[in-house]
Amino acid sequence: MAMKPAGDAETQAKKAPPLSSSLDKPGQLRPRWKKVKSAGAATSPLLGAAMFSPAALYILLLIAVPFFLAIFYAFSDARIGSTELHFIGLENFRSIIHSPSFQKAVTNSIIFTVVAQAIVLVCSNILSIALEKPFRGRGLLRFLILLPWVAPVSLGTIGWKWILDSIYSVITWVLVWLGFANKLDPPYWLGQEGLAMASVILVHCWRLIPFATVILLAGRTAIPKEIPEAASIDGAGFWRTQFQINLPIMTPILSVAVLFGSIFTFTDIAVVYILTNGGPYDSTQTLPMLAYTQGIQGSDLAAGAAVSVCLIPVLVIIAYFMLRMAHRAEVV
Amino acid sequence: MAVVETRNLTKVFKEGELGAVNDVNLVTNEGEFLVFLGPSGSGKTTLLRMIAGLEHPTAGEILIGGRVVNDLSPRERRIAMVFQSYALYPHLTVYRNIAFPLRAQKTIKVPASGKSLGFFGRMQERRRLEKEKVQWAASLLGIGGLLHRKPRELSGGERQRVALARAIVREPSVFLLDEPLSNLDAKLRASAREELERFHRSIGTTSIYVTHDQVEAMAMGDRVVVLNQGYVRQIGTPKEVYDQPADTFVATFLGSPPMNLVEHDELIVGFRPEQFRPAAQVEGDKVSFRLRVENVEYLGSEWIVAGILTGGRMEGKKTIARMASAQSLELGQTYDFAVPERELKFFDRSSEKRVAARALQWQ
């Protein structure tokens, strides 16, 4: 039944081309794809599909397949080295939700994201204000500030690993020299729970501040010059101009910076993996890191998949709120 | 209310370049409407921005109400400014836009008798007084019904009124206006101009108004400051700058079509197109010319006749006449034209400055 109308449509489509091409040039039957040129739009479904297929393939093979595979694994008992696979429902989720390391990872992921974003917002705002007005060497400074963002995450983090090393740390060396730390009992930046956490946040900030600064700088330069000028004539000082005029006008672009920054921090694995490997005692464990340790290192593919599936609702919520904020803050 | 004065005010943006504003000396009168008029790049906006405190002068002094304000920030100068783009705060409602200067300058003070109200009571009282003030300013400009709108929901004319209301609400000592009408369409501009004049008459605050439009300058200004390339060319009432131009720049910048200028030995002689008429219509002492008509434009209320002088020492000089009627004139024909002798203006040929009238040999 369903096939018949489709067949009808096909015969109609076959009839149509001779009609229109006879209008073009009577008596000459042109190959179908040539019509596209004369019509000025992709009327041929074949050509359209051909042009579209690389993008579709890319999305399908490299994004959709792994994504749905992960969801599928999350409901199974897949293990590395085992060819058997059973559907076990919500069992994986039940067990990870009750595991202390998962709870710790969720808390840590949220702490890292929120604290790092808060620091990034404050610092990038200050930087964007400082870099807005022209001065000698501004170009060079803008370039230097952008460097941490364009450098590979892993290389940058390895650099930080040396800076925070228990024996060779420059920070410790400076602190000892200044008399703030004991040479014989130095702080173990990556080996003490609180310090390890602070170190991870520090590196995240170092990496994201340039990105946010560039975005905010763009937002700031987009504000017509007369608006802060009008504010200064109306009697507003620096803080009032910033908080009541500039920042509210920049809300849409601010939310873009926060949205990207949150997602980068929340889903990042490189910084934790290189600096602390989630330790000491799970104190810097994050969701992506946990997914990796459980799924790949612990051979429990299903559990790892379940952990990473737990990232989805969080990211969806962040994205939803940020986009709504961006939409609501309309600017002339 | 206050008097604005500048002394040798100069602004050079880049060292070694020509100054944007050069050695400007002027004093406003109390409650006056002073217009800065000049072509683009004449430094009129820079001059205004220095008075506002948005630009720091390279040299010279600015005085407001007798006090040197060079080192005062805009907020300390007690001025209000309306920008060309209006610069309304896009994220705030009309009400909050108008209330912004009140809150920023903490203008609203609860009287001492309100001490018993307590913290929240005083806050409420402050909001009530603020509301009164905003409504007063809004009703003055007829925008009382728009207070809850955002600037993007307003028309150009309404935005301009909001900008004016925001400027007036704090009762400033000086009003600065930077081409506030140039973003309006031609029809609206005429009515907004009239409204602005009425508005100035009713508040009587000293106002400085920047424009490149000579019609606005002539219509609104108590006095007009004509600027070119950063120099003041003339300061005077609209009548003075039109009838007694100080130099050839002022003579040609004001008036449309501009003053006719013809060279005569060491002098340049100028006469307005409306004074250049068929010889029969000119009475008394006059200077006669022969004009070959090249082009005639009908503009409804008047005719613009462009032609070339023939014969005598003015041979080949292009001149323009503005006449009530030119129906009888034919293209390519030569007619007798004349200018009343008292309407001739004389300028020195090298300095282009105005010089005293004198008798000349015309033939």
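Quick notes on the rules
Residues numbered from 1 in each chain as written. Chains lettered and ligands numbered in written order. Predicted model: local features only at pLDDT ≥ 70, side-chain atom pairs only at ≥ 80, totals over all residues. Helix = DSSP H or I, 4+ residues; strand = E, 2+ residues; numbered from the N terminus. Buried ≥ 20, exposed ≤ 12 C-beta atoms within 10 Å, placed from the backbone. Contact = placed C-beta atoms within 7 Å. Domains from an automatic or database assignment. Pairing = 2+ DSSP bridges. Axes fitted to C-alpha atoms, helices over the stretch in contact; angles between N-to-C directions. Expected span 1.5 Å × (residues − 1). Nonpolar A, V, L, I, M, F, W, Y, C, P; charged D, E, K, R; others polar. pLDDT = per-residue confidence, 0-100. Core = buried A, V, L, I, M, F, W, Y, C linked by C-beta atoms within 7 Å. Parallel < 35°, antiparallel > 145°, perpendicular 65-115°, else oblique. Left-handed = near helix turned anticlockwise from the far one by under 90°.

1. Structural notes on the overall build of chain A
Looking only at helices and strands, chain A features 15 helices and zero strands. Expressed as a percentage of its 332 residues, the buried residues of chain A come to 29%. Partitioning the contacts of chain A with sequence separation of at least 6, the portion at a separation of at least 24 is 66%.

2. Overview of the overall build of chain B
A tally of regular secondary structure across chain B gives eight helices and 19 strands. Projecting the C-alpha coordinates of chain B onto the three principal axes gives extents of approximately 90 × 45 × 35 Å. Taking all 363 residues of chain B together, 37% fall into the buried category. In chain B, the share of contacts with a sequence separation of at least 24, taken over all contacts with a separation of at least 6, comes to 64%.

3. Points about the domain arrangement of chain B
Once the domains are mapped, chain B shows domain 1 (4-243) and domain 2 (257-355). Taking the mean C-alpha position of each, domain 1 of chain B and domain 2 of chain B sit 41 Å from one another.

4. Points about the sheet that holds strand β6 (residues 79-82) of chain B
Pairing between the strands of a sheet comes from backbone hydrogen bonds, and it takes one of two forms, parallel or antiparallel. All names here are of chain B. Across the sheet, which stays open at both edges, the six strands sit in the order β6-β7-β8-β3-β9-β10 with mixed pairing between neighbours. Looking at strand neighbours, the two that pair on one side only are β6 and β10 (231-236), the edges of this open sheet. Put simply, the sheet's adjacent strands are angled 15° from each other on average, direction ignored. The pairing of strand β7 (residues 174-178) with strand β8 (residues 206-211) spans five bridges and is classified as parallel. Within the sheet, the bridge partner assigned to Leu177 lies in β8 and is Tyr209.

5. Structural notes on the environment of Ile235 of chain B
Residue and element names in this part refer to chain B. On the secondary structure map, Ile235 appears in strand β10. Expressed as a C-alpha distance, the spacing of Ile235 and Leu37, which sit 198 residues apart in the sequence, is 10.0 Å. In this structure Ile235 touches Leu26, Arg223 and Val225, once residues within four positions along its chain are discounted.

6. Some words on helix α3 (residues 118-140) of chain B
Residue and element names in this part refer to chain B. The end-to-end C-alpha distance of α3 is 33 Å, a good match for the 33 Å that 23 residues give at a rise of 1.5 Å each. Burial in α3 covers these residues: Val134, Ala137 and Ala138. Packed against the buried residues of α3 are α2 (94-104) and α4 (156-168). Count one or two residues on from α3 and you reach Gly142, which has phi positive near 65°.

7. As for the interface of chain A and chain B
At the interface, 16 residues of chain A touch 20 residues of chain B. Those elements that provide at least two residues to the side of chain A that touches chain B are α10 (226-233) and α11 (238-267) of chain A. Here the side of chain A that touches chain B gets six residues from one element, more than from any other, and that element is α10 of chain A. Of the residues assigned to the side of chain A that touches chain B, the class counts are ten nonpolar, two polar and four charged.

8. Looking at unusual backbone geometry
Residue and element names in this part refer to chain B. That bond from Ser256 to Pro257 is cis: its omega, -5°, falls within 30 degrees of zero. Locating Pro257 in the fold gives a position in the loop between α8 (248-253) and β11 (260-264). Even without a glycine there, the phi angle at Glu352 is positive, about 60°. Considering the arrangement of structural elements, one finds Glu352 in the loop between β18 (345-348) and β19 (354-355). Residue Glu352 is classed as partly exposed on the basis of its C-beta count, with 16 C-beta atoms lying within 10 Å.

9. Overview of the environment of Gln214 of chain B
Looking at the element boundaries, Gln214 of chain B is found in helix α6 (residues 214-220). A residue is classified by how many C-beta atoms lie within 10 Å of it, and Gln214 of chain B, with 21 of them, is buried.

10. Structural notes on the confidence of the model for chain B
Within chain B, residue pLDDT values average 89, and 99% of them lie at 70 or more. In the predicted assembly, ipTM is 0.83 and pTM is 0.77.

11. Details of helix α5 (residues 186-203) of chain B
Three- or four-residue spacings in an α-helix give side chains the same orientation, since the helix completes a turn every 3.6 residues. Helix length check: α5 of chain B (18 residues) gives 26 Å between terminal C-alpha atoms against 26 Å at 1.5 Å per residue, within 8%. Backbone geometry just after α5 of chain B places Gly204 of chain B at a positive phi near 65°.

12. Things to note about the nonpolar core
The nonpolar side chains of soluble globular proteins are, as a tendency, buried together. Judged by nonpolar contacts, the single largest core of 140 residues is most densely connected at Ala165 and Leu176 of chain B. The dominant element in this core, judged by the number of residues it contributes, is helix α9 (residues 193-222) of chain A, at eleven residues. Residue contributions to this core reach at least three from each of two domains, namely domain 1 (4-243) and domain 2 (257-355) of chain B. Residues in contact with Ala165 of chain B, not counting those within four places in the same chain, are Ile98, Ala137, Ala138, Leu140, Leu141 and Ile143 of chain B.

13. A short note on the sheet that holds strand β13 (residues 277-278) of chain B
All names here are of chain B. Within the open sheet, the five strands sit side by side as β13-β17-β14-β15-β16. Their pairing is antiparallel. Each having just a single partner strand, β13 and β16 (318-323) make up the two edges of the open sheet. Here seven bridges tie strand β14 (residues 286-298) to strand β17 (residues 334-340), and the two strands are oriented antiparallel to one another. Each residue of the ladder has a partner; that of Val287, found in β17, is Val339.

14. Looking at the packing of helix α5 (residues 100-132) of chain A against α9 of chain A
Helices that pack against each other are described as a pair by the angle of their axes relative to one another and the distance between those axes. All names here are of chain A. Two numbers describe how α5 lies on α9: the axes approach to 7 Å, and their chain directions differ by 45°. Comparing the axis directions of α5 and α9 gives the class oblique. Two packed elements cross with a definite hand, and for α5 against α9 that hand is right-handed. Each residue belonging to the contact of α5 with α9 can be placed in one class, and the counts come to 17 nonpolar, six polar and two charged.

15. Here we look at the confidence of the model for chain A
All names here are of chain A. For chain A, the average pLDDT comes to 81, and 85% of its residues sit at 70 or higher. Note that pLDDT drops below 50 for residues 1-27; the model gives that stretch seven contacts with residues more than four away or on any other chain. Below pLDDT 50 for its whole length, residues 34-39 participates in ten contacts with residues either more than four positions away or in separate chains.

16. A few points about the pairing of β6 of chain B
Each regular strand displays side chains that alternate between the two surfaces of the sheet. Residues and elements named next belong to chain B. Because side chains alternate across β6, one face comprises the buried residues Ile79 and Met81, and the other comprises Ala80 and Val82, equally buried. Bridging between β6 and β7 involves four bridges; their strand directions are parallel. If you follow Val82 over to β7, its bridge partner there is Leu177.

17. Concerning the environment of Thr276 of chain A
All names here are of chain A. Here Thr276 lies in the loop between α12 (270-275) and α13 (287-297). Thr276 sits in the buried class, given 23 other C-beta atoms within 10 Å. Considering only alpha carbons, one finds Thr276 and Gly191, 85 residues apart in sequence, at a separation of 8.0 Å. Ignoring any residue separated from it by four or fewer positions in sequence, one finds Thr276 in contact with Leu190, Ala196, Val200 and Thr284.

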